[in-house]
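# Inside the fold
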Amino acid sequence: MQIIDGKKVSAQVKEEVKNQTLELIEKHGITPGLAVVIVGNDSASRVYVNNKKKACEAVGFKSEEYALPEQTTQEELLSLVKTLNEKADINGILVQLPLPKHLDDKAVIEAINPEKDVDAFHAVNVGKIMLGEYDFLPCTPAGVMEMLHSYDISVSGKNCVVIGRSNIVGKPMAMLLLHENGTVTICHSRTKNLAEVCSHADILVAAVGKPKFVTADMVKEGAVVIDVGMDRDENGKLCGDVDFENVKDKCSFITPVPGGVGPMTIATLMKNTLKAAKLQNNIFD
Ligand code: NAP
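The following refers to the structure shown.

So, how was this worked out
Residues numbered from 1 in each chain as written. Predicted model: local features only at pLDDT ≥ 70, side-chain atom pairs only at ≥ 80, totals over all residues. Heavy atoms only, no water. Helix = DSSP H or I, 4+ residues; strand = E, 2+ residues; numbered from the N terminus. Rg over C-alpha atoms; globule rule 2.2 N^0.38 Å. Buried < 20%, exposed > 50% of the residue type's maximum accessible area, 1.4 Å probe, protein only. Contact = heavy atoms within 4.5 Å. Areas by Shrake-Rupley, 256 points an atom, 1.4 Å probe, with all protein chains shown as cover. Lys, Arg positive; Asp, Glu negative; His and termini not counted. Charge placed at Lys NZ, Arg CZ, Asp CG, Glu CD. Expected span 1.5 Å × (residues − 1). Patch = residues over 30% accessible without salt bridge, like charges linked within 9 Å, V, L, I, M, F, W, Y side chains within 5 Å. Salt bridge = Lys/Arg side-chain N within 4 Å of Asp/Glu carboxyl O. Pairing = 2+ DSSP bridges. Polar contact = N/O pair within 3.5 Å; in protein donor to acceptor, adjacent residues only side chain to side chain. Near = heavy atom within 4 Å. Nonpolar A, V, L, I, M, F, W, Y, C, P; charged D, E, K, R; others polar.

## Things to note about the overall build of the protein
Along its length, the protein carries ten helices and eleven strands. Taking 285 residues into account, the globule formula puts the C-alpha radius of gyration at 19 Å, and the protein, at 19 Å, falls close to it. Taken along the three principal axes of its C-alpha coordinates, the protein extends 50 × 45 × 35 Å. Per-residue burial over the protein gives 47% buried out of 285 residues. For the protein, the share of sequence-separated contacts (at least 6 apart) that also reach a separation of at least 24 residues comes to 70%. As displayed, the protein has an accessible area near 13600 Å², and 52% of this comes from carbon and sulfur atoms. Both charge centroids of the protein, one from 31 positive and one from 38 negative side chains, sit 1 Å from each other.

As structure tokens, this is what we get:
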């Protein structure tokens, strides 16, 4: 069994982004800029936003944070997005989800200029991903693919099972595995015989949001297990969707939580922002 080290792979990705950013600044005088918008006081969102800001600093981007109060109206938020769409030194706009309940996530995402939608959540970018002709890939699924590549894990012809069908993880994850010629099954809360379906997976991706949901009986001997979950166990400790201790010895490869998919998500965000800066300045390399 080999543990897939997301910290190590993400550090490599960020190093590459940093080098390319230096080159962009030196050759073209362009510093990529990311605006992160956070509304309200959700503590998990606060941690994610801080991590994104730190990553921007580490790779040499300019980052701007817009922390809006809980009672911000839809109109105010849309007005900020419009301003950021027009700001030339901002290449990527990220609105941290979830938003407070009175705000409409979908309308806010659709208001972001697709060229600045570095999360790849806008319908235009989602459509491009379906067609396989994308500029940006959604950060978490793309981060998973990067880890698979980094460990020379081939997807072609493999039985891939994704548990979860959210728009931000499950569905695009399935699509990226399909693009690499995996035979993909998507499972969800209405799936019958889930354990049986999972037990045929060569590559099993868990994106459920339930601590230690994937147990050893659901995992085939020698499978690659990717744990997207960011959950809390009974003691409030961060854990994944996979019962790591009991599953790990059955796997050929497994991602830990923390230190697996999480760091890759941020690294991909940096890659997307760099790409956005290049595309918006007609730099194609
Ligand atoms: P989500 O929107 O809540 O989706 C969860 C999915 O799991 C749904 O499709 C749901 O099915 C399915 N599900 C729930 N209970 C199930 C069951 N008993 N059997 C089979 N399927 C079941 O969550 P998400 O946003 O995709 O996130 C999933 C997890 O990934 C969370 O722990 C989240 O914190 C984590 N996450 C991590 C990162 C990262 O950077 N590492 C990024 C994003 C998310 P239905 O559709 O039928 O309801």
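## Looking at helix α10 (residues 261-280)
Every α-helix carries 3.6 residues per turn, so stepping three or four residues along brings you back to the same face. Taking 1.5 Å of rise per residue, 20 residues should cover 28 Å, and α10 covers 28 Å from first to last C-alpha, within 8% of that figure. Counting buried positions along α10 yields 14 of 20 residues, so the element is predominantly enclosed.

## Brief notes about a nonpolar patch on the surface
Taken together, Val47, Tyr48 and Met230 make up a surface patch of nonpolar side chains, about 260 Å² in accessible area. Along the polypeptide, Met230 turns up in the loop between β8 (223-227) and β9 (231-232). By relative accessible area, which is 41% here, Met230 ends up partly exposed.

## Some thoughts on the sheet that holds strand β1 (residues 2-3)
Consider a sheet: its strands pair through backbone hydrogen bonds, and that pairing is either parallel or antiparallel. Taken in spatial order, the six strands of this open sheet run β1-β11-β8-β7-β5-β6, and their pairing is parallel. Every interior strand has two partners, whereas the edge strands, β1 and β6 (183-187), have only one. As defined by bridge partners, strand β5 (residues 159-163) adjoins β6 across five bridges and the pair is classed as parallel. Residue pairing across strands places Val161 opposite Thr185, the latter belonging to β6.

## Points about the side chain of Thr21
Positionally, Thr21 belongs in helix α1 (residues 6-28). A polar atom in the side chain of Thr21 sits 2.7 Å from the backbone oxygen of Val17. Excluding its chain neighbours within four sequence positions, the residues that come into contact with Thr21 are Pro32, Val59, Gly60, Phe61 and Leu274.

## A word on the site of the ligand
Residues in contact with the ligand amount to 22 residues; listed here are only the nearest, Arg165, Ser166, Ser189, Asp231 and Thr265. Between Ser166 and the ligand, the recorded distance is 2.5 Å, taken from a side-chain N or O atom to an oxygen atom. One nitrogen or oxygen atom from the main chain of His188 is found 3.4 Å from a nitrogen atom belonging to the ligand. For the ligand, whose free accessible area comes to 930 Å², the fraction covered by protein is 71%. Tallying contributions element by element places α10 first for the shell around the ligand, with three residues. Looking at side-chain class alone, the shell around the ligand contains ten nonpolar, nine polar and three charged residues.

## Comments concerning the pattern of salt bridges
This model, assessed by the stated rule, comprises twelve salt bridges. A salt bridge links Asp135 to Lys128, with the nearest nitrogen and oxygen atoms 3.1 Å apart. On the accessibility criterion, Asp135 (30% relative accessible area) is partly exposed. For the salt bridge of Glu245 with Lys248, the shortest nitrogen-to-oxygen distance reads 3.1 Å. The exposure class assigned to Lys248 is buried, which follows from its relative accessible area of 18%.

## Description of unusual backbone geometry
The linkage connecting Leu97 with the following residue, Pro98, adopts the cis geometry, with an omega of 0 degrees. Within the element layout of this structure, Pro98 appears in the loop between β4 (92-95) and α4 (105-111). The omega angle of the peptide bond from Val257 to Pro258 is 0 degrees, so this bond is cis rather than trans. With phi around 55 degrees, Asp152 is a residue other than glycine that occupies positive phi space. Counting through the fold element by element, Asp152 comes out in the loop between α6 (139-150) and β5.

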